[in-house]
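So you can see what is in the structure, the chains are spelled out below.
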Amino acid sequence: MVQHWWQEIVVYQIYPRSFNDSNGDGIGDLQGIIEKLDYLKELGIGAIWLSPVYQSPNDDNGYDISNYEAIMDEFGSMDDMEELLAQANQRGIKIIMDLVVNHTSDEHAWFIEARKDKNSPYRDYYIWANPAADGTTPNDLTSFFSGSAWKFDEETGQYYLHFFSKKQPDLNWENEKVREEVYNMMNFWIDKGIGGFRMDVIDLIGKVPQEKISTNGPKLHDYLQEMNQKTFGEHDLLTVGETMAATPENAKLYSKPERKELSMVFQFQHMNLDIQANGEKWDLAPLDVAKLKEVLAKWQKELGDEGWNSLYWNNHDQPRIVSRWGDDDQYRVQSAKMLAILLHMMKGTPYIYQGEEIGMTNTPISDISEAADIESINMYHERLAKGYDKKDILASINAKGRDNARRPMAWDSSTNAGFTSGKPWLALNDNYKDINVELALKGPNSIFYTYQKLIQLRKENPIMIWGSFQLVDTVDEVFSYYRKYKGQRWLVVTNFSSEVQPFSSEDEMKKVIIQNTVDEFTTLENINLQPWQAFVVEVE
Ligand code: TEU
Ligand code: CA
């Protein structure tokens, strides 16, 4: 099987608005990212996934694009973008752009033209439908941001489809002109020397709304093969699709090299485990570690030799992992390190979300006025109207709201954590005085150095990249597995709980590869694992 650079590196995701502000307006920007490239070089990552930096009215913080070939004023200029590309490439760090082509902003020139006139050449760039006989929405498709997915447009008396906000009208991918426009734009960025694309809700582009088909539409894979052929196919770029409806079966369709589609996808099956059955992400349920093992082991097994996995615990849409499935109080450092070791020792390309490498935590709010995210705010009002208790709705937002991931990055313990010399666009977590990069770099045993070591180990040990995966049978709260490669065997052992847990193996230890405790041990028989303890050992 051909080996690719993107199978050997670790990716770091930056949410530009909240990463680093270079000009004091309280909003992160491109020059702010350039200022921190040496920090990322120190961490050892090989690529940056850059959440959208394009021109946008920010109804959904950049995921609503009004011009794909211009940089958002708040973030800087195209010169700043080209300087970021040059400075990053100089440090051996590739830039992965966010490709948001399931929808545009309603302020994009295409949509402004389209809504003017039914006969506009741009009309068919979007998805329009007549009202139902009774004058209501064409059907009951709903938006991911609450309410109907259809908005009535007075101007021409038709509804347009928007699976996200009303200011994010969906593009009509059945229209070949739309696809050509997208491919030309992608080549515009490829010619600038980017390292690849992260593709936003890409499994929606094959939708058939009149048949209420949203994800995995009949032409989805045809479009991806056409896209591959017309844009990145010959460039050995990293392409990762966000596919909320991915299963191991269809993930192979996306990532099997011979199908010439994508490098890999982001699957969400592990992200939906702490949700009540048939509930939404807001309907909270405790994590069952046994279920988590089952799901992750399935993906390791199924895509082991066919296709390729992505590995992630959080991103700009998910809450902070140490708060969600670790312990962000007494065992914050221990559990954060355990989560890092558990994930990075698996087979696939790991992704680190900004702040994860220093163990940043969720930021609870006590009133909806403290929220900024359209998804949380819309859900709040929708559930309030349905009679939900305000307290319960806020509890859901504090557990799952996306603002938890978007609080400004904590660089040091000075005012506003060194993120800005102005007023941050979103308030920081008050604990930044104790949790910040400056302290992390000073502390030789900090979470940062665990991530740095995991990344370094991946560069020096092919077993971490190419080794097979085999789950080890243990008690529910212990997550253990082997990696095997050319006769070499590594055993990964983690305690996914705040209680002491039993573990035993007859394997003979050779050496410790990494651990999150200082314990000396020479045998693997009848061990009492401390809360959140994790280690990897080479065994005979
Ligand atoms: O996310 C799609 C998506 O699945 C999430 O919005 C989802 O609805 C939820 O928040 C996760 O549980 C992508 C982008 O990552 C997100 O930031 C955008 O808001 C969305 O698409 C629309 O572009
Ligand atoms: Ca700024």
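What comes next is a walk through the structure.

Conventions adopted
- Residues numbered from 1 in each chain as written.
- Chains lettered and ligands numbered in written order.
- Predicted model: local features only at pLDDT ≥ 70, side-chain atom pairs only at ≥ 80, totals over all residues.
- Heavy atoms only, no water.
- Helix = DSSP H or I, 4+ residues; strand = E, 2+ residues; numbered from the N terminus.
- Buried < 20%, exposed > 50% of the residue type's maximum accessible area, 1.4 Å probe, protein only.
- Contact = heavy atoms within 4.5 Å.
- Polar contact = N/O pair within 3.5 Å; in protein donor to acceptor, adjacent residues only side chain to side chain.
- Salt bridge = Lys/Arg side-chain N within 4 Å of Asp/Glu carboxyl O.

**A word on the environment of I368**
Inference 1: Structurally, the position occupied by I368 is in the loop between β13 (349-353) and α11 (374-385).
Inference 2: Judged by its relative accessible area of 15%, I368 is buried.
Inference 3: Sequence-wise, I368 and L394 are 26 residues apart; in three dimensions their C-alpha atoms are separated by 7.4 Å.
Inference 4: I368 has contacts with S376, I377, Y380, L394 and I397, leaving out every residue within four places of it along the chain.

**Some points on the environment of Q330**
Inference 1: When you line up the elements, Q330 lands in the loop between α9 (321-324) and α10 (332-344).
Inference 2: Overall, Q330 belongs to the exposed group, its relative accessible area being 61%.
Inference 3: Note: C-alpha distance between Q330 and S498 (168 residues apart in sequence) is 9.3 Å.
Inference 4: Looking at Q330, its side chain comes within polar contact range of the side chain of Y331, at 3.4 Å.

**Quick word on the pattern of salt bridges**
Inference 1: Enumeration over the complete set of coordinates arrives at 33 salt bridges.
Inference 2: Here E375 makes a salt bridge to K281, at a shortest N to O gap of 2.8 Å. In this pair, E375 sits in helix α11 while K281 sits in the loop between β11 (264-266) and α8 (289-302), placing the two residues 94 residues apart along the sequence.
Inference 3: Assessed through its relative accessible area of 23%, K281 is described here as partly exposed.
Inference 4: Notably, a salt bridge pairs R402 with D373, separated by 2.8 Å at the nearest N-O pair. Taken together, the residues span a long stretch of sequence, with R402 in the loop between α12 (390-400) and α13 (403-406) and D373 in the loop between β13 and α11 at a distance of 29 residues. Accessibility classification places R402 together with D373 in one group, the buried group.

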